[in-house]
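# Structural characterization, general
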Amino acid sequence: MGFKIGLLGLGTVGTGTVQILLNPSQRHPLVQELELYRVGVRSLEKSRAIDLPPSIITTDLDAIVTDPDIDIVVEVMGGLEPARLLILKAIAHGKHVVTANKAAIARYGAEIFTAAEKAGVYVLLEAAVGGGIPVIEPLKQSLCANRLHTVTGIINGTTNYILTRMQTEGGDFASILADAQRLGYAEADPTADVDGLDAADKIAILASLAFGGRIKLPDVHCEGIRQVSAADIAYAEKLGFVIKLLAVAKREDLTTETPTTETATLQVRVHPTLVHTSHPLASVNGVYNAIVIEGEPIGQVMFFGPGAGAGPTASAVVADILNIAAILKVERGAATRSNGQPLLDPLLACSHQDYCTIAPMSDLVTRFYVRFLTRDFPGVIGKLGTCFGNHNVSLESIVQTGLRDDLAEIVVVTHHVREGNFRTALDEIRVMEAVSSIASTLRVL
Ligand SMILES: NC(=O)C1=CN([C@@H]2O[C@H](COP(=O)(O)OP(=O)(O)OC[C@H]3O[C@@H](n4cnc5c(N)ncnc54)[C@H](OP(=O)(O)O)[C@@H]3O)[C@@H](O)[C@H]2O)C=CC1
Ligand SMILES: N[C@@H](CC=O)C(=O)O
Ligand code: NA
């Protein structure tokens, strides 16, 4: 018996989610057990990027969240209302919920999670922060043994795109914003992005998870990037900095022996910040996001990746769905298995039976760097080039870099070539009279 999904919204993220659900091949086997059961939209007339049976699409979203057959409601419609009401109604009807809606969670998280706890259902939100970057689950699970003290992120792709272009092209804010809108990165109303409100919603969620308490959104200090000028960016560059819109959540009391949530004082803020070019966040450019999390004893970890977009965001949405489906599978298995064998969580347990086929290194296609030491005979470079050519190894460059111990040093960089061909050529070169040694061979990324 599969797990029935009720999807609220078939826009960017909803479409990406459907594309994964309908193409389970080579994904986790549990994806095959997810059934797209109903899809709720605003308009039935709108043309869609994917073909779905008309019978499963509806404008009656209430009917989805109350449908007794549906196990998991996926809210990717966005906005505050009716999203909030639909999430609450789904919870009241015993549905687990997956949402990408940072705006609703940052404002109504307390109400939603209280209701979920009462109803005994999960509300998961990996897609709400950092899009496809796994950051919510690591905060809840992988990092949970740590005392975390700082979360610092570039968590709005639109503003990072604008600042990156201002940095690289010296353009001004207004014209690049117009480009970002034309390219579909910034929304028609870009206020939430450029004024830092979207990042504020996200850092409130991260702070809440990192520090184990609720955050009131109005307490988050929030400045956007409208006032950042080309002149500021140029001066910052001269001083060795780039300007980034950073979202920061910091806990100050970790010097005490036993810090507690009650005594913790947090800073939670969003503002344009000069970041030294040597800092890992300085090289996070374009629409990419990254989050640096610091704590004891882990030290510092950084999560980097695509913070938005259909595919990346859907990756996070479906991961949440699978987490819930895995729990339901264990619950159902525990109730139905009669052979006495316990059913393990399919995402945590290893169920592999077969060995993978590993390609031999000789089939690898890569670039190579190789350094030869040769006697300084005329025509050596030509001989090397001819031998590589005979074996279909195309060269990007071949240069004599100088003399070392009376031997000529020749450095070759290849184009992408088959490793087997390259090695055969090297075997021939190694025994050439002019060649003293092959001093080093490295692969080039
Ligand atoms: N886009 C992204 O890259 C990311 C988005 N998110 C979040 O994901 C959520 C969805 O975003 P996105 O996919 O971009 O949004 P879109 O605007 O592309 O899609 C919204 C979908 O919801 C439907 N919808 C909206 N309001 C209603 C309503 N009142 N009744 C019925 N259907 C409704 C729309 O229906 P119709 O198609 O008929 O208009 C549409 O299918 C938001 O919370 C957003 O913040 C999070 C991370 C990244
Ligand atoms: N508008 C957001 C999209 C995802 O949350 C952004 O620009 O990062
Ligand atoms: Na995420």
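Right, let's walk through the structure included here. (Residues numbered from 1 in each chain as written. Chains lettered and ligands numbered in written order. Predicted model: local features only at pLDDT ≥ 70, side-chain atom pairs only at ≥ 80, totals over all residues. Heavy atoms only, no water.)

### Here we look at the coordination of the sodium ion (ligand 3)
Reference values for angles at a metal are 109.5 degrees in the four-donor tetrahedral case and 90 or 180 degrees in the six-donor octahedral case. Under the convention used in this document: Coordination shells were defined by N, O and S atoms within 2.8 Å of each metal, extended to 3.2 Å for Na, K and Ca; water is absent from the atom set, which can make sites look incomplete.
Distances from the sodium ion (ligand 3) to its protein donors, E126 (O), E126 (OE), V129 (O), G131 (O) and I133 (O), fall within 2.3 to 2.7 Å. Sequence spacing among the residues donating to the sodium ion (ligand 3) works out to E-x2-V-x1-G-x1-I.

### Considering the packing of helix α6 (residues 157–169) against helix α10 (residues 230–238)
Rule in force here: All axes here are fitted lines through C-alpha atoms, helices being fitted over the stretch that makes contact, and every angle between N-to-C directions spans 0 to 180 degrees. For the purposes of this entry, the term helix denotes a DSSP run of H or I that reaches at least four residues, the term strand denotes a run of E that reaches at least two, and both are numbered from the N terminus. An angle below 35 degrees is read as roughly parallel, one above 145 as roughly antiparallel, one from 65 to 115 as roughly perpendicular, and any other as oblique. Note: crossing handedness is left-handed where the near helix turns anticlockwise from the far helix by less than a right angle, and right-handed where it turns clockwise. Only heavy atoms enter the contact rule, under which two residues are in contact if any of them lie within 4.5 Å. Here the nonpolar group is Ala, Val, Leu, Ile, Met, Phe, Trp, Tyr, Cys and Pro; Asp, Glu, Lys and Arg are the charged ones; every other residue, Gly included, is treated as polar.
Following both chains from N to C, one finds α6 and α10 inclined at 65 degrees, their axes separated by 9 Å at the closest point. It follows from the interaxial angle that α6 and α10 lie roughly perpendicular. Seen along the crossing, α6 lies across α10 with a hand that is right-handed. The residues of α10 that touch α6, namely those facing L163, M166 and Q167, are A230, I233 and E237. Of the residues in the contact of α6 with α10, the class split is four nonpolar, one polar and one charged.

### A few points about unusual backbone geometry
Of note, the amide linkage connecting E81 to P82 takes the cis form, showing an omega dihedral of 5 degrees. Within the fold, P82 resides in the loop between β4 (72–75) and α3 (83–92). Residue E296 is joined to P297 through a cis peptide bond whose omega torsion reads 10 degrees. Here P297 shows up in the loop between β11 (288–296) and β12 (299–306). Look at D405: it is not a glycine, yet its phi comes out positive at around 50 degrees. Mapped onto the fold, D405 is located in the loop between β14 (395–404) and β15 (407–414). One non-glycine residue, D406, lies in the positive phi region at around 70 degrees.

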